[in-house]
Amino acid sequence: MKNVILTLNAGSSSVKFALFDADANLALEFKGQVDGIGSDARLKIKRADGTVVVERDLDEASTCSPSDALNTILSEVHALAPDAEVQAVGHRIVHGGIHFEGPVLLDDACVQTLSELTPFAPLHQPHNLAGVAAAQAAFPTVPQVGCFDTAFHRSHPWVNDTFALPRELYDKGVRRFGFHGLSYEYISMKLDEIAPHYQDGNVVVAHLGNGASMCAIRDGHSVGSTMGFSALDGLPMGTRCGQLDPGVVLYLMDQMKMSASEIENMLYRESGLKGLSGISNDMRELLTSSDSHAAQALDYFVVRIRREIGAMAAILGGLDAVVFTGGIGENAFQIRERICDDMDWIGMELEETRNRQNAEIISSDRSRVRLFVLPTNEELMIARHVVGMVG
Ligand code: ADP
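Residues numbered from 1 in each chain as written. Predicted model: local features only at pLDDT ≥ 70, side-chain atom pairs only at ≥ 80, totals over all residues. Heavy atoms only, no water.

Counting secondary structure elements, the protein chain contains 15 helices and 13 strands. Since a compact globule built from 391 residues should have a radius of gyration of about 21 Å, the 21 Å found for the protein chain is in line with a globular shape. Overall size of the protein chain, expressed as C-alpha extent along the three principal axes, is 55 × 55 × 45 Å. Residues counted as buried form 51% of the 391 residues belonging to the protein chain. Looking at the protein chain alone, contacts between residues at least 24 apart form 61% of all its contacts between residues at least 6 apart. (Helix = DSSP H or I, 4+ residues; strand = E, 2+ residues; numbered from the N terminus. Rg over C-alpha atoms; globule rule 2.2 N^0.38 Å. Buried < 20%, exposed > 50% of the residue type's maximum accessible area, 1.4 Å probe, protein only. Contact = heavy atoms within 4.5 Å.)

Hydrogen bonds between backbone atoms are what pair the strands of a sheet, whose relative direction is either parallel or antiparallel. One open sheet accounts for eight strands, arranged β5-β4-β3-β2-β1-β6-β8-β7; its pairing is mixed. Across the chains shown, the open sheet's two edge strands, defined by having one partner strand only, are β5 (52-57) and β7 (104-105). The pairing of strand β1 (residues 2-10) with strand β2 (residues 15-21) spans seven bridges and is antiparallel. Its bridge partner being in β2, Leu 6 is matched across the sheet by Leu 19. Each of β1, β6 (84-93) and β8 (144-148) is contacted by helix α3 (residues 125-138), which is oriented at about 165 degrees to β6, the strand it contacts most. (Pairing = 2+ DSSP bridges. Axes fitted to C-alpha atoms, helices over the stretch in contact; angles between N-to-C directions.)

Time to look at the nonpolar core. If you look at the biggest cluster of nonpolar residues, it comprises 44 residues, and the most contacted ones within it are Leu 208, Ile 309, Leu 319, Ile 335 and Met 348. Sorting the residues of this core by element identifies β9 (202-208), β10 (212-218), α10 (283-288), α11 (292-316), β12 (321-325), α13 (333-340) and β13 (370-373) as the ones contributing at least two each. A total of 10 residues in this core trace back to one element, the largest contributor, which is α11. Once residues within four sequence positions are removed from consideration, Leu 208 is found in contact with Leu 235, Phe 301, Ile 305, Phe 324, Thr 325, Gly 326, Gly 327, Ile 328, Gly 329 and Ile 339. Residues Leu 182, Tyr 198, Phe 372 and Met 381 belong to the second largest nonpolar core, which totals 28 residues. (Core = buried A, V, L, I, M, F, W, Y, C linked by side-chain atoms within 4.5 Å.)

What follows deals with the side chain of His 95. You can see His 95 is positioned in the loop between β6 and β7. For His 95, a relative accessible area of 0% gives the class buried. Of note is the side chain of His 95, whose polar atom sits 3.1 Å from the backbone nitrogen of Gly 97. (Polar contact = N/O pair within 3.5 Å; in protein donor to acceptor, adjacent residues only side chain to side chain.)

A cluster of nonpolar side chains, contributed by Leu 105, Met 389 and Val 390, occupies part of the molecular surface with about 220 Å² of accessible area. Mapped onto the elements of the fold, Met 389 is located in helix α15 (residues 378-390). (Patch = residues over 30% accessible without salt bridge, like charges linked within 9 Å, V, L, I, M, F, W, Y side chains within 5 Å. Areas by Shrake-Rupley, 256 points an atom, 1.4 Å probe, with all protein chains shown as cover. Salt bridge = Lys/Arg side-chain N within 4 Å of Asp/Glu carboxyl O.)

Here His 91 lies in strand β6. A distance of 2.7 Å separates a polar atom in the side chain of His 91 from a polar atom in the side chain of Gln 144. Among residues more than four places away in sequence, those in contact with His 91 are Leu 8, Leu 106, Gly 131, Val 132, Ala 135, Gln 144, Val 145, Gly 146, Cys 147 and Ile 382.

Position of His 99 relative to the elements: it lies in the loop between β6 and β7. C-alpha of His 99 to C-alpha of Asn 202: the two residues are 103 residues apart in sequence and 26 Å apart in space.

The next point concerns the site of the ligand. Close contacts around the ligand come from 13 residues, with Asn 210, Asp 282, Met 283, Arg 284 and Gly 327 the closest. Asp 282 is positioned with one of its side-chain polar atoms (N or O) 2.6 Å from an oxygen atom of the ligand. A distance of 3.5 Å separates a nitrogen atom of the ligand from a polar atom in the side chain of Asn 331. Within the complex, 68% of the 580 Å² of free accessible area of the ligand lies under protein. Elements supplying a minimum of two residues to the shell around the ligand: α10 and α12 (326-331). It is α12 that contributes the most residues to the shell around the ligand, four residues altogether. (Near = heavy atom within 4 Å.)

Remember, this is a structural readout, not a statement about activity or role.
So, in structure tokens, the structure goes:
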């Protein structure tokens, strides 16, 4: 028998999973996902070395709900690793509200509290909790651990946690929660492992994927984030707008007569790189496009990141290291090159060859600020939390 830890990330149209060997220092066994739930569902599973072991379309009946998708995953995993016995399940949950500052064992009361946070993250929280219910049904006697994207940011000082709105709204939970916390926590631990000197310093992490945000970290704690109350604020993303004057939303409602759900759809799904380029949310596509709107979308993306580096350095009172992570941060050397161009005034100097090779350290030897490219691993962070909670 092999003791394994299962991690789950259940979203609106996908269920992602990873399986770690609990007796082998959390070595990855398999990871994969069911994508396209509700439309063209597809299952893909890879081994730790990246070899694809399962890839096929799924019929509608096997992907009607997160529970169906999970059962499909579990039966495939059972066929691939019949001796694997799930000892605990870790769940990625987007919102932990103001109370959850770390992972928790998910009992009924806790799940109830988390479901009351649904109005804060209506597009994510219900799906995350549907994943919890599905895993509880599949493994009724196994501990389930909730890990939150907001928890790492609960160390924000008040000034970086609030909006300048009437005071009672802060008390009612209208705050800058910040997201991508599991990624930032993983990167912070990784940095401690490979370059402990920077763990005590002023570090900015840029998580640049389809979702994108930046985090100011001092002594391993988050002190500021570009994301705010929802996962819309801050940097422009694949399809999300990033920072926006709230006056625009009022104008869309009052003058253009758009409904709340039409505005929501525009801000979450039709904006960002996709909206600006009119072509795609996919960075690879934009980088190879000759369309001037694609170029402008990239200009805006880069400018906002450069601006936030300055803002984060001001929050921190200095800058010792910048870490790039996420699909774009880890791979798009052209974007990193443009972000770092002429940033020697703040101490950042890129080394071109290292950058083009996506090396771990991409700064020049004389750069005062050390520049890193570190792949994130949110699933491993969840698995570590599970071990921390249940042993
Ligand atoms: P998510 O937020 O969905 O986890 P990812 O972190 O996987 O997103 O990042 C997806 C983004 O990374 C896409 O825009 C994709 O084009 C970009 N990306 C992935 N690989 C590369 C690459 N080799 N070069 C440039 N961009 C890349």
